[in-house]
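Take a look at the letters that make up each chain.
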Protein chains: 4
Amino acid sequence: MFEYHKPLKVVEADYPKITRPDQVIVRIKGAGVCHTDLHIQEGMWHEKTNVRLPYTPGHENAGTIEEVGEGVEGFKKNDPVILHPAVTDGTCRACRAGEDMHCENLGFPGLDRDGGFAEFVVTSVRSLVRADGLDLTEIAPLADAGLTAIRAVKKAATNSYPGAFIGVVGVGGLGHIAIQLLRHMSNASIIAVDIVESKLKLAEQFGAHYVVDAKKDAVKSILEITKGKGVNAIIDFVGTQATHDTCYKSLRKGGKFVIVGYGGMINARSIDMIASELTVEGSLVGNYLELADLVELARQGKVRVVTNKYPLDRVNEVLESLKGGGLMGRAVLTP
Amino acid sequence: MFEYHKPLKVVEADYPKITRPDQVIVRIKGAGVCHTDLHIQEGMWHEKTNVRLPYTPGHENAGTIEEVGEGVEGFKKNDPVILHPAVTDGTCRACRAGEDMHCENLGFPGLDRDGGFAEFVVTSVRSLVRADGLDLTEIAPLADAGLTAIRAVKKAATNSYPGAFIGVVGVGGLGHIAIQLLRHMSNASIIAVDIVESKLKLAEQFGAHYVVDAKKDAVKSILEITKGKGVNAIIDFVGTQATHDTCYKSLRKGGKFVIVGYGGMINARSIDMIASELTVEGSLVGNYLELADLVELARQGKVRVVTNKYPLDRVNEVLESLKGGGLMGRAVLTP
Amino acid sequence: MFEYHKPLKVVEADYPKITRPDQVIVRIKGAGVCHTDLHIQEGMWHEKTNVRLPYTPGHENAGTIEEVGEGVEGFKKNDPVILHPAVTDGTCRACRAGEDMHCENLGFPGLDRDGGFAEFVVTSVRSLVRADGLDLTEIAPLADAGLTAIRAVKKAATNSYPGAFIGVVGVGGLGHIAIQLLRHMSNASIIAVDIVESKLKLAEQFGAHYVVDAKKDAVKSILEITKGKGVNAIIDFVGTQATHDTCYKSLRKGGKFVIVGYGGMINARSIDMIASELTVEGSLVGNYLELADLVELARQGKVRVVTNKYPLDRVNEVLESLKGGGLMGRAVLTP
Amino acid sequence: MFEYHKPLKVVEADYPKITRPDQVIVRIKGAGVCHTDLHIQEGMWHEKTNVRLPYTPGHENAGTIEEVGEGVEGFKKNDPVILHPAVTDGTCRACRAGEDMHCENLGFPGLDRDGGFAEFVVTSVRSLVRADGLDLTEIAPLADAGLTAIRAVKKAATNSYPGAFIGVVGVGGLGHIAIQLLRHMSNASIIAVDIVESKLKLAEQFGAHYVVDAKKDAVKSILEITKGKGVNAIIDFVGTQATHDTCYKSLRKGGKFVIVGYGGMINARSIDMIASELTVEGSLVGNYLELADLVELARQGKVRVVTNKYPLDRVNEVLESLKGGGLMGRAVLTP
């Protein structure tokens with residue numbers, strides 16, 4: 001990316017260099033394209049990352065080991081891996097607690113340094129999850145879309161029991177994975193919400209018990225399904241003002257609203273939040289073990305990603321489709 | 001209370017009647033006066049409770065058993081008790097899970113029926129906690145102020161570890177109890193925030209490690225104390241727009257904002273909530289076991305309530321002082 | 001039962017009487033027969049219950065409401081119900097925490113008073129779970145076999161993650177339910193262990209990933225399956241010295257052994273328990289919400305009980321088969 | 001140590017060498033002496049560690065950084081540190097979950113390689129906790145005695161509430177720290193058990209609510225204190241057959257027995273373990289964050305170690321005293 005608000009340019013790049021003993025170079029087999037890539041292009045992350053242009057986006061990567069630093073053990077050339085998106089120090093309190101995304105020295109290839117829309121990417125050995133026997137292009141979206149979905153699902157599932165209701169707003173790249181995970185990580189009834197009919201069909205195929213067309217009054221539909229009580233938990237994978245409001249208004253007493261998609265404001269009267277004892281909680285990607293668990297679920301056949309593959313030079317076209325909301329599942333670049 | 005927005009009238013009332021086998025009549029020895037009594041007077045709870053005027057407020061009560069229904073076991077006349085403020089059915093899912101405040105058939109004397117600003121109050125045997133050996137007037141505020149404080153403290157403490165920072169905004173009836181509880185239920189460093197100097201002094205006496213004068217820039221002070229990181233958790237016991245905003249802006253990555261005092265709006269950009277993975281959570285009074293635990297802590301001498309006692313007919317004067325923010329600790333009516 | 005170590009006698013009994021306002025009389029549609037009924041007959045529970053002979057066993061009951069006490073709300077004649085096996089006071093600390101089996105005033109029809117091997121049984125309204133739309137004879141075993149299985153499964157599942165290993169020793173009345181539950185409440189690989197080939201077949205049908213013939217060296221087989229590491233958790237549904245030893249020796253570092261079947265001794269060197277940081281934990285039936293959740297899972301079709309139905313007067317024949325280990329699934333008496 | 005069952009020899013040793021980029025050499029300021037050192041001498045750990053003689057014991061160390069490997073960041077010469085006793089890989093599942101003691105590539109200086117009864121010890125940067133402002137000789141025992149105590153206390157405290165009872169058996173090097181921690185990490189009533197009167201005095205000084213002389217019938221005394229119910233949790237810091245039996249027999253329904261001291265057998269009838277739903281759980285040292293938390297508690301003045309300092313060449317004398325049970329608090333060698 002050379003400029004904000006401009007299309008990406010595909011250029012020839014040098015083979016990268018290992019500068020620390022714990023680094024590895026990965027040959028990219030699949031790099032998923034994310035809504036955050038759109039937000040990056042819009043400059044929305046500039047203040048948070050201070051990245052200098054130009055740099056290479058792409059934070060959802062799978063591939064094979066090309067080269068390892070001298071301190072790396074347990075991995076060798078050609079090993080198939082999926083990459084946890086963060087690069088972490090492993091020694092701060094957050095890392096010791098297993099919460100990689102809160103690392104005090106967090107790096108994020110594709111956001112604050114060169115990422116995976118390229119032939120090679122540099123990361124740390126701490127970010128590698130073995131992916132033996134899996135199709136690397138197919139599973140690349142697990143690295144971010146799937147990882148973000150599993151963490152949000154876990155947060156929602158703590159508020160669940162057999163027969164509880166969990167809402168999933170947005171059946172796109174993350175939502176269609178979340179529905180599958182909810183089937184295996186909760187015994188709740190799943191209500192999928194979207195404005196695109198084909199996506200609601202997909203939701204049903206993947207196990208949603210109810211679908212709600214958000215072109216009509218989604219809150220009303222959710223309240224009807226839940227006999228006026230509302231959902232126990234709901235995850236917003238879209239992140240517009242409209243979806244934020246829908247989620248918040250659909251909660252029952254003690255309910256939890258998990259924010260994943262971002263863009264609008266949370267506007268809540270505090271008297272309502274205490275009278276119904278509500279929780280609103282942001283969810284940020286996921287940690288290393290959550291990715292390892294997700295890869296194992298994929299291996300067990302419990303999670304399948306709907307992917308559309310494109311060569312690297314069609315990246316701008318993919319970003320356009322994503323903006324339009326017309327993509328089914330996740331687009332993956334194959335450098 | 002005969003009319004919203006008017007002073008209360010003290011009138012002669014009939015001795016109440018037991019209408020169910022699990023009911024008890026309690027002779028009031030102490031009835032705490034709460035900010036919610038002000039909000040009731042302002043009509044703020046009218047839509048939520050649909051109570052019919054006139055009725056008797058007072059939801060923070062301790063006293064002695066006067067009479068028991070025929071199904072009541074384990075209690076007899078003159079037993080000293082403190083009253084959990086809710087009347088619950090004991091059979092719904094919430095009750096079975098121990099979450100009394102979410103009972104599907106919740107009653108709340110003082111809010112939706114006659115309460116404790118009176119000589120006698122009717123409640124259920126399920127609401128009684130034994131208070132043997134305790135001064136009933138002194139401990140009455142545990143029934144609501146203390147109970148609300150302990151639940152909020154528990155929610156904040158889950159985000160804590162030795163050396164973490166927890167903020168307490170408002171050192172009034174609830175806040176001064178919360179500070180004591182944090183000393184015994186967490187090993188966090190406590191930052192007390194208020195605009196009244198004498199209340200900050202009280203906070204220090206009860207064990208706050210830092211005090212912040214909110215007449216100046218409270219967020220800035222909190223960030224200085226926490227070396228720019230912010231607090232791990234913060235509880236808002238005040239509930240103005242200003243305190244809501246202070247709490248939200250004082251959070252560190254992964255931080256939790258527990259709302260107790262209400263009145264304003266929570267306004268949060270969703271990108272910030274996900275980027276820092278924040279949680280905003282309402283807290284609603286507390287459950288039966290939380291009250292039982294609190295009474296035991298009082299028995300152990302770990303919690304002491306600062307009380308000011310008034311005869312019942314000075315109730316309007318007390319409400320005025322409360323509104324003005326000048327009361328230290330909690331006012332208790334002694335009918 | 002008239003005498004220990006003797007067959008039961010089937011006699012004419014009077015219609016029971018309601019003696020408390022919260023009691024109900026249930027017309028039995030199905031009463032499951034349990035290993036504990038054998039142990040009762042052997043006198044093993046005499047010291048723990050002090051029951052006086054003669055009395056009626058049967059603690060796994062479903063049926064329809066026949067009559068309700070005057071304090072009972074929400075249930076009326078002919079409502080279909082399944083009975084939580086315990087009768088609890090609802091006011092002690094354990095009840096308030098939702099842990100019914102630890103009630104300080106626990107009653108247990110079929111163990112310490114007349115149970116369900118009869119036309120009618122008396123219980124409390126607090127023990128009723130609605131069973132609308134379910135086959136009462138088929139689901140009766142959920143009341144104890146299923147309930148005990150779900151609690152044990154929950155305890156095992158806390159030690160699990162996708163790809164972890166959980167062992168189930170004994171694929172009888174409880175074990176075949178546990179295997180189904182593990183499929184829906186964990187993403188572990190399930191290892192079923194039994195000495196009867198047809199039961200191992202059943203285990204596979206219900207979703208066990210591995211089966212182990214315990215007539216050979218079960219520990220060795222488990223270690224082979226788990227690549228020498230052992231299981232993360234294992235549940236003993238049998239309770240002989242041999243199964244206790246198998247379970248304990250099959251644990252990996254940090255592993256958990258959940259005891260359900262009883263009969264032998266736990267013999268463990270303390271140096272091993274600390275060096276591998278092992279946990280050995282008894283599991284006792286289950287609480288009310290666990291039964292409610294289980295009934296919902298049955299409603300969702302996720303749990304199916306294999307039952308064999310017998311008229312009440314064949315009870316001694318059923319007890320004999322159970323002793324012999326030849327029963328598939330659970331035997332249910334249909335008075 | 002040159003031979004099992006023989007006294008240690010103090011010899012001149014070469015300055016050690018850094019062989020990996022993440023290693024550090026620490027100059028020992030204090031090295032605590034532990035019951036495990038006795039057990040090592042007795043050969044009890046030989047089968048578990050396969051260490052080759054001769055080697056240097058000592059796994060409870062504090063000191064200053066002498067030299068760092070080239071990959072080490074954040075530490076420099078003369079920095080004061082306390083050493084987590086384990087050396088871990090940081091990349092296995094256990095390490096990612098923060099459970100250092102279950103690392104798949106665990107090293108343990110003093111047990112399986114040269115430890116801290118020496119002028120210098122080699123460890124990994126991952127094992128260092130900053131100890132600025134603390135007396136390194138005084139706090140050395142936190143590295144193992146304190147760390148093991150805090151983990152056991154956390155396990156016991158999960159079974160606690162205000163007014164619950166927690167037993168501490170053995171008021172030696174670990175027990176006297178555990179009592180202090182229980183005062184700050186639970187609101188339980190603490191029952192200290194020992195056979196030495198001066199140790200029971202120490203227990204009272206550090207906040208035990210009850211003391212029990214184990215030369216008389218300890219189980220009987222505990223049952224009297226707990227009004228016949230037994231303790232909610234109990235920790236065995238001694239590890240003889242007698243203390244194991246005392247702990248197990250002192251449990252109430254739902255109680256938990258945490259094993260720290262080892263040596264005997266756990267012998268439990270499975271019918272009792274299920275009828276009272278008991279838990280028996282080994283506890284193994286502690287993880288990195290538990291040590292970091294403990295150091296912070298020491299900094300806050302909430303934990304104080306009773307130490308007796310000896311020069312390195314009196315190590316055999318110290319081991320003898322420890323065997324005799326006459327040591328108060330913890331002995332620390334000061335090389």
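None of the values given here were measured: they were computed from a predicted structure.

Things to note about the overall build of chain A
Here comes step 1: When helices and strands are counted, chain A shows twelve helices and 14 strands.
Here comes step 2: In summary, chain A has a C-alpha radius of gyration of 20 Å against a globular reference of 20 Å for 335 residues, a match within 12%.
Here comes step 3: The 335 residues of chain A split such that 63% are buried.
Here comes step 4: Considering only contacts within chain A whose residues lie at least 6 apart along the sequence, 69% involve residues at least 24 apart.
Here comes step 5: With the model as given, the accessible surface of chain A reaches about 12600 Å², and the carbon-plus-sulfur share is 50%.

Some details on the relation of the copies chain D and chain C
Here comes step 1: If you rotate chain D by 180° and push it 0.0 Å along the axis, it lands on chain C with an RMSD of 0.0 Å. Taken together, the rotation and translation describe the operation of a two-fold axis.
Here comes step 2: Most of the interface of chain D is mirrored in chain C: 100% of its interface residues are interface residues there too.

Some details on the interface of chain D and chain C
Here comes step 1: Facing 42 residues of chain D, the contacting portion of chain C comprises 42 residues.
Here comes step 2: For the pairing of chain D and chain C, the buried interface totals around 3400 Å² over both sides, and the portion due to carbon and sulfur atoms is 57%.
Here comes step 3: Taken together, the connections running from chain D to chain C amount to six salt bridges.
Here comes step 4: In this structure, K155(C) engages E277(D) in a salt bridge whose closest nitrogen and oxygen atoms are separated by 3.0 Å.
Here comes step 5: Elements supplying a minimum of two residues to the side of chain D that touches chain C: α2 (46-49), α5 (145-157), β10 (251-259), β11 (265-269), α10 (270-275) and β12 (279-282) of chain D.
Here comes step 6: By residue number, the principal contributor to the side of chain D that touches chain C is α10(D), which donates six residues.
Here comes step 7: The residue makeup of the side of chain D that touches chain C, split by class, is 18 nonpolar, twelve polar and twelve charged.
Here comes step 8: As defined by bridge partners, strand β12 (residues 279-282) of chain C adjoins β12(D) across three bridges and the pair is classed as antiparallel. From the neighbouring strand, E281(C) faces β12(D), where its bridge partner is T279(D).

Considering the pattern of salt bridges
Here comes step 1: Taken as a whole and judged by the stated rule, the model has 112 salt bridges over all chains.
Here comes step 2: Salt-bridge contacts for D112(B) lead to R113(B); the nearest nitrogen and oxygen are separated by 3.1 Å.
Here comes step 3: You can call D112(B) partly exposed: its relative accessible area is 24%.
Here comes step 4: Linked through salt bridges whose partners overlap, the residues forming this network are E99(A), R151(A), K154(A), K155(A), K256(A), E281(A), E290(A) and E277(B).

Observations concerning the pairing of strand β2 (residues 61-68) of chain B
Residue and element names in this part refer to chain B.
Here comes step 1: By the criterion of burial, β2 is predominantly enclosed, with six of the eight residues buried.
Here comes step 2: Across seven bridges, the pairing between strand β1 (residues 23-32) and β2 is antiparallel. Bridge pairing in β2 places A31 opposite N61.
Here comes step 3: Across three bridges, β2 lies against strand β3 (residues 80-83) in antiparallel orientation. The partner of T64 across the bridge, within β3, is P80.

Overview of the interface of chain D and chain B
Here comes step 1: In this assembly, eleven residues from chain D lie in contact with eleven residues from chain B.
Here comes step 2: Roughly 960 Å² is buried in total at the junction of chain D and chain B, and carbon and sulfur atoms are behind 42% of that figure.
Here comes step 3: It is P162(D), N187(D) and D293(D) in chain D that bury the most area against chain B; as a group they hold 48% of the surface buried on that side.
Here comes step 4: In this structure, the connection of chain D to chain B is made through zero salt bridges.
Here comes step 5: Summed over the shared surface of chain D and chain B, the result is six residue pairs in polar contact (both at pLDDT 80 or more).
Here comes step 6: Where the side of chain D that touches chain B is concerned, the elements lending two or more residues are α6 (175-185) and α11 (288-299) of chain D.

Concerning the packing of aromatic side chains
Here comes step 1: This structure, assessed with the given rule, holds twelve aromatic pairs over all chains.
Here comes step 2: On the basis of an interplanar angle of 85° and a centroid distance of 4.9 Å, the ring pair of Y15(C) and F120(C) is categorised as edge-to-face. With Y15(C) in the segment before β1 (23-32) and F120(C) in strand β4 (residues 120-124), this pair connects stretches of sequence that are 105 residues apart.
Here comes step 3: Between K9(D) and the ring centre of F2(D), over which it is positioned, the NZ or CZ distance is 4.8 Å.
Here comes step 4: For the cation-ring pair, R96(D) lies above Y288(A), with the distance from its terminal atom to the ring centre recorded as 3.8 Å.

Quick notes on the environment of L312(A)
Residue and element names in this part refer to chain A.
Here comes step 1: Residue position: L312 is located in the loop between β13 (307-310) and α12 (315-324).
Here comes step 2: Overall, the relative accessible area of 18% leaves L312 in the buried class.
Here comes step 3: Taking the C-alpha atoms as reference, L312 lies 20 Å from P80; in sequence the two are 232 residues apart.
Here comes step 4: Excluding anything up to four places from it in sequence, L312 contacts V10, F117, A118, L333, T334 and P335.

The rules behind these values
- Residues numbered from 1 in each chain as written.
- Chains lettered and ligands numbered in written order.
- Predicted model: local features only at pLDDT ≥ 70, side-chain atom pairs only at ≥ 80, totals over all residues.
- Heavy atoms only, no water.
- Helix = DSSP H or I, 4+ residues; strand = E, 2+ residues; numbered from the N terminus.
- Rg over C-alpha atoms; globule rule 2.2 N^0.38 Å.
- Buried < 20%, exposed > 50% of the residue type's maximum accessible area, 1.4 Å probe, protein only.
- Contact = heavy atoms within 4.5 Å.
- Areas by Shrake-Rupley, 256 points an atom, 1.4 Å probe, with all protein chains shown as cover.
- Least-squares fit on C-alpha atoms with pLDDT ≥ 70 in both.
- Buried area = accessible area lost by both parts, 1.4 Å probe.
- Salt bridge = Lys/Arg side-chain N within 4 Å of Asp/Glu carboxyl O.
- Nonpolar A, V, L, I, M, F, W, Y, C, P; charged D, E, K, R; others polar.
- Pairing = 2+ DSSP bridges.
- Polar contact = N/O pair within 3.5 Å; in protein donor to acceptor, adjacent residues only side chain to side chain.
- Phe/Tyr/Trp six-rings, centres within 6.5 Å; stacked < 30°, edge-to-face > 60°.
- Lys NZ or Arg CZ within 6 Å of the ring centre and 35° of its normal.

This is a description of form; function is not addressed.
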